[in-house]
Amino acid sequence: MDGSALPVDDEHLPFDPSSVEIDDREVFDLLEPAVQEWWLEAFGEYVPENDGFFTPPQAGAIPKIHEGTNTLICAPTGSGKTLASFTAIINELFERDREEEDGLANSVYCLYVSPLKSLANDIHRNLEVPLEGIEEIVADRGESMGEIRHAIRHGDTGSSARQKMLEETPHILNTTPETLAILLNSPKFREKLRTVEYVIVDEIHSLAGSKRGTHLSVSLERLEAMSETEITRIGCSATIEPLSRVAEFLVGYEEADGSDPTDADSESTPDDESGSAIESGSAAGGERAPRPYEIVDARFAREFDLRLECPTDDLINTSRDVVQSRFYKQLHEHIQDHTNTLVFTNTRSGAERVLHNLREGFDEYGEENSGCHHGSLSKGVRQEVERKLKDGELDVVTSSTSLELGIDMPHVDLVVQVGSPKSVAALLQRVGRAGHRVGQTVTGRVIALDRDELLECAVMLKKAEDGFVDSVSIPENAQDVAAQHVYGMAIAEIRPEREIRAILERAYPYRNYSEDEYEALMSYLTADYAGMEDRNVYAKIWRDENDPPDGEHHHEEFPVGEPLIGKRGRLARVIYMTNIGTIPDSFTCDVHTRASDEWVGQLDENYLDTLEKGDVFVLGGDHFEYQYRRGSKVYADRTSARPTVPSWYSERLPLSYDLGCEILAFQRELLAHHAEGGSPRVRAWLREFPLGDDCVRAIARLFDHQLRYAGPESVSTENRLTIEVERDREEYERHYYVHSNYGRKVNDGLSRLFAYRCAQEATANVRVAVADNGFVLSMPLNRKIDLEGIVSDLEAEQVREDLRNAISGTDLLQRYFRINATRALMILKRYKGYEKSASEQQVSSEMLLGFAEDLEEFAVIEETYREILEDKLNVAEIEGIIARIDAGELAIERQLLDSPTPRAFGLATLSASDVVLAEDESAALQHFHEHVLEEIGEESVRGLPTDD
């Protein structure tokens, strides 16, 4: 199909339309003439890489949206996913406006849901610009066009703006998951949502794996049930896997016979307060299947230029000052070779440190051309950096995670990642911020400053090149989220219980919701436990069969005997509207010494997840042994012992389980190459990876030393779990280094499981230190245990019960109970004008926890254990590991050594990896390294490589 038939004059095109083949002409033909003309004016340049005028995700998505097909669009940042969605919908609304006598109704036709409040940049680029351009073209043609209105509504929208939306309703409404839930219970505005025909869920990859996404999925089912027509759902996602699971999460489930779940089983009935009609639903209990959907998979529609670098080929012998100097020289050269550079670090403090050192070390950087962006900075500072970044005024911006999503940054042509981003998906999301157009190469450089991360990143970049993506884990059957929505539906109107349950179970996370789980939820919401009201926890709903006509609770709209649900309490709507949401409040805890009650500093609450009694942490340069917490106060003892939990622990993302398994497979392959030809063969193989020469030599040397010191059995693979035992006579401790390269979430759970069993056998306190590539169990030297035997005796069927016992009574349980009790509205953040702080919520939850644990199958406590075990500790993966050990598919290899092996150096110095202990860490690494070289008979020359 040539371009000569395009509905514009040839002179408007910057190419000869008769000389090119345009593959996406059928997509172009779906658009209205004015929309076509706008598209050509905006994107008139023929892009050979696209074989037409549309990027691959646009060419795939626009026809599907036009047909009303539920569609998941998965493509890199900057490839036009959101623009494609809006353009297709604007086209449909424009056509509707022309064809219908009265034009568009005064109600919402399209909902755009984003996890970000800062929607303005995306909306301007993808919605305002097209609308204004099309309206101008229509006016120039002398044609009439009704206004297609749009507005943004989130938690900060003022009351006057909200009132205006009722009077002059936006046809396209942009909002957040939390605000959508509120709108569904707003007596007046929910009527404006009955006409919704399209829902766009942007950045769905950032929602699917969290309870925020779970909350949204139920909101979409409530919206579907009350809508006058079947809703077309469109999901926009960066690189994610598996696409089918994310698509099912987007579209939800329906009756397997294909019946329309929006067909009401009963007539609409008046709202008890507002006169609005119910969200209709079909009976629960039938077989369900995912709604139909299609996937536009354009994840690799852009070319990637990825490479791993390292400041030296010897990260042990090269001094820290030299490593840092070379790193900043490398970074400076990259920045100078590009227009705009975005630098991602793994912590907020790291982002600030990198910017500070760049400005201190090089005259080229100042406040006018460099900046830092992360969540702890003020909104004004972040917005100014975003503006300058968008306008191309900044040569370099450093960030942690806050710039992964959202704003357009068209001038960025390089992304540098410092250290490991911990997953292929995160890597591609971050480097995808560079080269904002299909056809442009995405340039990303990863710089590793640590040997363990060097190995991790090497595998990550190779897997990224191979098209591998880590899988997302979606929380299931979350009782706290279910409590919010059932309460919300009961507040909206009295309705049949079967409808409420059907709506809940059509949401993907609740597709397997059991009868027992549902009944536990009902028992909580109806306060069917003695003593709840004594603790100011009241029933939120009533649940009863409809009385006969002469009964006290007869509702004539429903058949006699129909089980119904309604709200309890006059303030129910206010309580619901001011307390819903899933993002937990957090706070900092004051740390005091037990001996003198001296205040010594503060710890972020998230950090306390990792602390058990006896753990040692660093604060203000001093070491403290954690004892216990009461509310927002932490009590600790001064100590000279080495730390067990580094300060960055709670801030860095954990290594993905999938990537951890790939690293184990990599190690098996490397062992095979080493067996064939030693280090030269390993280096030749590694040069097939996107690595610099320093990286190749460093990784090859690491494993050469490892194998010469402890043999191939000392390296874990997919089929072997290695445990090395070291007797530390100086500290009078025995250390068990478990090389479980499954990522920090699995290792956290696995270490708790092992420690629980060890403590039972040794009757001693077992200290634990956890990393992504393994964990360390430490106990007194006079306590000897058979860890290999303990692990071999574990049974997969016992894992959940053992882990549950291991976390019972911990601060981890207390914190998560508070979060879930607040989400489930057992603890109210806001009530009668008073706002309860996170620390006050914690005090309230500690008073309720003992009571809750004594109740049988209490929904909130069961959800707390579920969330910790399944979402935080990856218990399913742990069960799989133990099952493989039981089946003999995963062998346990134990070695007794006088000093850690090179692969254990990171574990052995884990506690010394705070900035304040940098010299201690270097000294410890050097000590371990010298011992290894002495054992294998190799001399060490400080600062020089020991092989070529």
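Residues numbered from 1 in each chain as written. Predicted model: local features only at pLDDT ≥ 70, side-chain atom pairs only at ≥ 80, totals over all residues. Heavy atoms only, no water.

**A look at the sheet that holds strand 14 (residues 412-418)**
Applicable threshold: In this scheme, strands are said to pair when DSSP sees at least two bridges between them. Secondary structure counts use DSSP, requiring at least four H or I residues in a row for a helix and at least two E residues in a row for a strand, with both numbered from the N terminus. For helices, the fitted line uses only the C-alpha atoms of the stretch in contact; every axis is such a line through C-alpha atoms, and the angle between N-to-C directions lies from 0 to 180 degrees.
As summarised here, the arrangement of the six strands in space is 10-15-14-11-13-12, forming an open sheet in which the pairing is parallel. The two strands at the open ends of the sheet, each matched to only one other strand, are strand 10 (304-309) and strand 12 (370-373). If you compare each strand with its neighbour and ignore which way they point, the axes differ by 20 degrees on average.

**Some remarks on the sheet that holds strand 2 (residues 110-113)**
To keep it simple, the criterion reads: In what follows, residue pairs with any heavy atoms lying within 4.5 Å of each other are defined as contacts.
As summarised here, the arrangement of the seven strands in space is 3-4-2-5-6-1-9, forming an open sheet in which the pairing is parallel. Pairing within the sheet leaves two strands with one partner each, and these edge strands are strand 3 (150-153) and strand 9 (294-297). Taken over all neighbouring pairs, the strand axes of this sheet differ in orientation by 15 degrees on average, direction set aside. Against the sheet, helix 4 (residues 81-99) makes contact with strand 1 (71-74), strand 2, strand 4 (172-175), strand 5 (198-201) and strand 6 (232-237), and its axis sits at roughly 155 degrees relative to strand 6, the strand it touches most. Packed onto the sheet, helix 10 (residues 211-226) meets strand 2, strand 5 and strand 6 and runs at close to 175 degrees relative to strand 5.

**A closer look at the side chain of T82**
The line we're drawing: Only protein chains enter the accessibility calculation, which uses a 1.4 Å probe. A residue is then buried if its area is under 20% of the maximum for its type, exposed if over 50%, and partly exposed in between.
Structurally, the position occupied by T82 is in helix 4. Overall, T82 belongs to the buried group, its relative accessible area being 11%. In this structure T82 touches Y112, N126, D202 and C236, once residues within four positions along its chain are discounted.

**Brief notes about the confidence of the model for the protein**
For clarity, the cut-off: In predicted models, pLDDT denotes the confidence assigned by the predictor to each residue on a 0 to 100 scale.
Residues with a pLDDT of 70 or more make up 89% of the protein, whose mean pLDDT is 87. The least confident element of the protein, judged by mean pLDDT, is helix 31 (residues 918-936) at 74; the most confident is helix 17 (residues 479-492) at 98. In this model, residues 260-285 is a region of pLDDT below 50 whose contacts with residues beyond four sequence positions or in other chains number 87 contacts. Counting contacts from residues 940-948, a segment whose pLDDT is below 50, to residues more than four positions away or on other chains yields 19 contacts.

**Details of a nonpolar patch on the surface**
As a reminder of what qualifies: Patch definition: residues above 30% relative accessible area lacking any salt bridge, with like charges linked at up to 9 Å and the nonpolar side chains Val, Leu, Ile, Met, Phe, Trp and Tyr linked at up to 5 Å. The method behind every accessible area is Shrake-Rupley, applied with a 1.4 Å probe, and residues are considered shielded solely by the protein chains displayed. A side-chain nitrogen of Lys or Arg and a carboxyl oxygen of Asp or Glu constitute a salt bridge if their distance falls within 4 Å.
Among the surface-exposed residues, L571, V574 and Y831 lie close enough to one another that they form a single nonpolar patch of about 260 Å² accessible area. Considering the arrangement of structural elements, one finds Y831 in strand 28 (residues 830-831). When its relative accessible area of 38% is taken as the criterion, Y831 is described as partly exposed.

**Quick word on the packing of helix 10 against helix 17**
Spelled out, the test is: By definition in this entry, angles of less than 35 degrees are roughly parallel, angles greater than 145 are roughly antiparallel, angles of 65 to 115 are roughly perpendicular, and the rest are oblique. The handedness criterion is simple: a crossing whose near helix is rotated anticlockwise from the far helix by less than a right angle is left-handed, and one whose near helix is rotated clockwise is right-handed.
Closest axis-to-axis distance for the helix 10/helix 17 pair is 10 Å, and the angle between their directions is 30 degrees. The angle between helix 10 and helix 17 falls in the class roughly parallel. Pair helix 10 / helix 17 crosses with right-handed handedness. In this structure, helix 10 uses K211, T214, H215, V218, S219 and R222 to contact helix 17, whose residues at the interface are D480, V481, Q484, H485, G488 and M489.

**Regarding empty space enclosed by the protein**
The test is simple: Only protein atoms enter the 1 Å grid used here, on which a cavity is any set of points holding a 1.4 Å probe that cannot leave and a pocket is any open set flanked by protein within 12 Å on both sides along at least five of seven lines; residues with an atom within 4 Å of a point are listed as lining. Grid points are joined across faces, edges and corners, and a volume is the space filled by probe spheres set on the points. Each residue gets one label: Ala, Val, Leu, Ile, Met, Phe, Trp, Tyr, Cys and Pro are nonpolar, Asp, Glu, Lys and Arg are charged, and the others, such as Gly, are polar.
Tallied over the full model, the rule gives five cavities of 30 Å³ or more. Lining the largest cavity are 13 residues, with I583, P584, T822, R823 and K829 sitting closest to its centre. Taken together, the residues of the lining of the largest cavity sort by class into four nonpolar, five polar and four charged. One number sums up the size of the second largest cavity: a volume of about 50 Å³. Lining the second largest cavity, in full, are L664, Q667, S714, V715, S716, H739, N741, N773 and R903.

**Examining the packing of aromatic side chains**
For the record, the criterion: In this scheme Phe, Tyr and Trp rings, the latter by its six-membered ring, pair at centre separations within 6.5 Å, and the angle between planes marks the pair as stacked below 30 degrees, edge-to-face above 60, and tilted otherwise.
This structure, assessed with the given rule, holds 20 aromatic pairs. Arranged with centres 5.1 Å apart and planes meeting at 40 degrees, the rings of F86 and Y112 form a pair that is tilted. Linking F86 in helix 4 with Y112 in strand 2, this pair joins segments that are 26 residues apart in sequence. According to the relative accessible area criterion, Y112 is buried, its value standing at 1%.

**So, the environment of S114**
Mapped onto the fold, S114 is located in the loop between strand 2 and helix 5 (120-140). C-alpha of S114 to C-alpha of T175: the two residues are 61 residues apart in sequence and 6.4 Å apart in space.

**With respect to helix 10**
The test is simple: Expected helix span is computed as 1.5 Å times (number of residues minus one).
For helix 10, with 16 residues, the first-to-last C-alpha span of 23 Å sits near the 22 Å given by 1.5 Å per residue. Where burial is concerned, most of helix 10 is hidden: 16 out of the 16 residues are buried.

**Digging into the pattern of salt bridges**
Applying the stated criterion across every chain, the model contains 66 salt bridges. Note that E493 and R495 form a salt bridge whose closest N and O atoms lie 1.8 Å from each other. The burial state of E493 is the same as that of R495; both residues are buried. When salt bridges that share partners are traced, they join K211, D480, R800, R823, E863, R866, E867, E870, D871 and E879 into one network.

**Re the environment of T610**
By the element assignment, T610 lies in the loop between strand 20 (599-604) and strand 21 (616-619). Exposure remark for T610: the relative accessible area of 14% places this residue in the buried category. Here the alpha-carbon distance between T610 and D748, two residues 138 residues apart in the chain, equals 8.7 Å.

**What to know about a positive patch on the surface**
For clarity, the cut-off: For this count, His and the chain ends are skipped, Lys and Arg are scored as positive, and Asp and Glu as negative. Charge positions come from single atoms, namely NZ of Lys, CZ of Arg, CG of Asp or CD of Glu.
Residues R727, R729, K784 and R894 make up a contiguous surface patch of positive charge. Accessibility expressed as a relative area gives 62% for K784, which makes it exposed.

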